[in-house]
Amino acid sequence: MKRVIGIGNALTDMLVNLKTDSVLGRFKLAKGSMNLVDSRLQTEISQSVAGLPYSLSLGGSAGNTIRAMARLGCDVGFIGKVGEDTTGDFFVKALENLHVEPVIFRGTERSGKCVSLISPDGERTMLTHLGAALELEASEIDPTIFDDYDCLYVEGYLVQNHELIEQAVRTAKACGLKVAIDLASFNVVAESLEFLRRLVREYVDIVFANEDEAKTFTCEAEPVNALQAISELCELAIVKIGTRGALIKQGGDVVHVGIMAAAKRVDTTGAGDFYAAGFLAGLCQGLSLRQCGTIGAITAGKVIEVVGTTFGEEAWEEIFRLVEKVRNEKYLF
């Protein structure tokens, strides 16, 4: 596996730092959840937090993973849809600047946006208006998109369009690619449980899930049991268990990898996305499961130290230094 192309909702992120969680209660939002909302509700909630510190960045779950993989030296591409607007232009240009091959279609709606409400403890609750991202259609997934790629990485949030996500994975498999999926969010899994189980069983090779997603997907309360249940459906299963690290199973091999303690837990936005990026980058380099898990822990540990998913060159240089030590097996969790 050398080249990876991702497919996901092409979004711009608005990251808002909350002083308290009162707004979550006011709008009956489950802390840590991802919620698809219409433009009106997203605007109403945005207005309710007006005056609080915020920032804008390129977003989307698969987009985060693919962009981080590009920084880690991987050959990558991204499939998505944006509007005929300046936000869409920005999205495409940003991918190009990061050396990500853009397979970007244009829709009639405005480009999608995700408002991330960041609680004082760093947990994020997302309110997503997909806009043009929702207009990506199964008919646009042509086999030629997958030429020269070895793996398709799918964000679970695409499950709002069963036809699209199934067409993407079916076409990728027919073209000889591996398929990896991140289950995205426990409430998303719950809403499309049987569809996701069938999708994984029939098409998926690699599954990323956190503890809550794995529990919802398998109905197994214990992570090790959930790991086993997922591994029976695919080739490689990864269950992230928060501060206890991650459990990884491939065939008869089971590995427990710890975490890299963050200097300060500022914002968990993108932690799962960056974990997948580090892990898949390790696979692209032919590294062991423990090495892949350690690189995932490094990238996830770094992203939670900042608001959003963008950090400076100094942080990336530290990541590169640690990854080199992992490659030489001098730094493993």
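One can find the structure itself at the top, above this paragraph.
Here the structure is a predicted model, which is why all the values come from computation and not from measurement.

### Observations regarding the layout of surface pockets
And step 1. As a volume, the second largest pocket reaches approximately 210 Å³.
And step 2. Around the second largest pocket sit L58, R67, A68, R71, F90, A94, L98, F274, T309, T310, F311 and W316, which together line it.
And step 3. Contributing elements (two or more residues each) for the lining of the second largest pocket: α3 (61-71) and α4 (86-97).
And step 4. The greatest single-element share of the lining of the second largest pocket, amounting to three residues, is contributed by α3.
And step 5. Tallied by class, residues from the lining of the second largest pocket come to eight nonpolar, two polar and two charged.

### Concerning the side chain of K302
And step 1. As for its placement among the helices and strands, K302 is situated in helix α11 (residues 289-303).
And step 2. Classification of K302 as buried rests on a relative accessible area of 15%.
And step 3. When sequence neighbours within four positions are dropped, the list of residues in contact with K302 reads M260, F311, E318 and I319.

### Examining the environment of C284
And step 1. With respect to the element layout, C284 can be found in helix α10 (residues 271-284).
And step 2. Between the C-alpha atom of C284 and that of D150, which follows or precedes it by 134 residues, the distance is 9.5 Å.
And step 3. For C284, the residues in contact, after removing those within four places along its chain, are M1, K2, V4, M69 and C74.

### What to know about the packing of α11 against helix α12 (residues 313-327)
And step 1. Where α11 meets α12, the axes come as close as 10 Å, and the angle between the chain directions of the two elements is 165°. When the axes of α11 and α12 are compared, the pair comes out roughly antiparallel. For the pair α11 and α12, the crossing hand works out as right-handed. Between α11 and α12, the residues in contact are Q291, T294, I295, I298, T299 and K302 and E318, I319, L322, V323, V326 and R327, respectively.

### Quick notes on the sheet that holds strand β1 (residues 3-7)
And step 1. With respect to topology, nine strands assemble into an open sheet ordered β6-β5-β1-β9-β10-β11-β12-β13-β14, the strand pairing being mixed. Only two strands of the sheet have a single partner each, and these edge strands are β6 (101-107) and β14 (253-257). Across the sheet, the mean angle separating the axes of adjacent strands is 15° when strand polarity is ignored.
And step 2. In terms of strand pairing, strand β11 (residues 206-210) meets strand β12 (residues 236-240) through five bridges, oriented parallel. In the strand pairing of β12, V207 is matched with A237.
And step 3. Running over the sheet, α3 touches β1, β5 (75-83) and β9 (151-155) and is turned about 145° from β5.
And step 4. Its contacts with the sheet put helix α8 (residues 211-218) on β10 (178-182), β11 and β12, and the angle it makes with β11 is roughly 115°.

Thresholds applied
- Residues numbered from 1 in each chain as written.
- Predicted model: local features only at pLDDT ≥ 70, side-chain atom pairs only at ≥ 80, totals over all residues.
- Heavy atoms only, no water.
- 1 Å grid on protein atoms, 1.4 Å probe; cavity = no way out; pocket = protein on both sides within 12 Å on 5 of 7 lines; lining within 4 Å.
- Points joined across faces, edges and corners; volume = space filled by probe spheres on them.
- Helix = DSSP H or I, 4+ residues; strand = E, 2+ residues; numbered from the N terminus.
- Nonpolar A, V, L, I, M, F, W, Y, C, P; charged D, E, K, R; others polar.
- Buried < 20%, exposed > 50% of the residue type's maximum accessible area, 1.4 Å probe, protein only.
- Contact = heavy atoms within 4.5 Å.
- Axes fitted to C-alpha atoms, helices over the stretch in contact; angles between N-to-C directions.
- Parallel < 35°, antiparallel > 145°, perpendicular 65-115°, else oblique.
- Left-handed = near helix turned anticlockwise from the far one by under 90°.
- Pairing = 2+ DSSP bridges.

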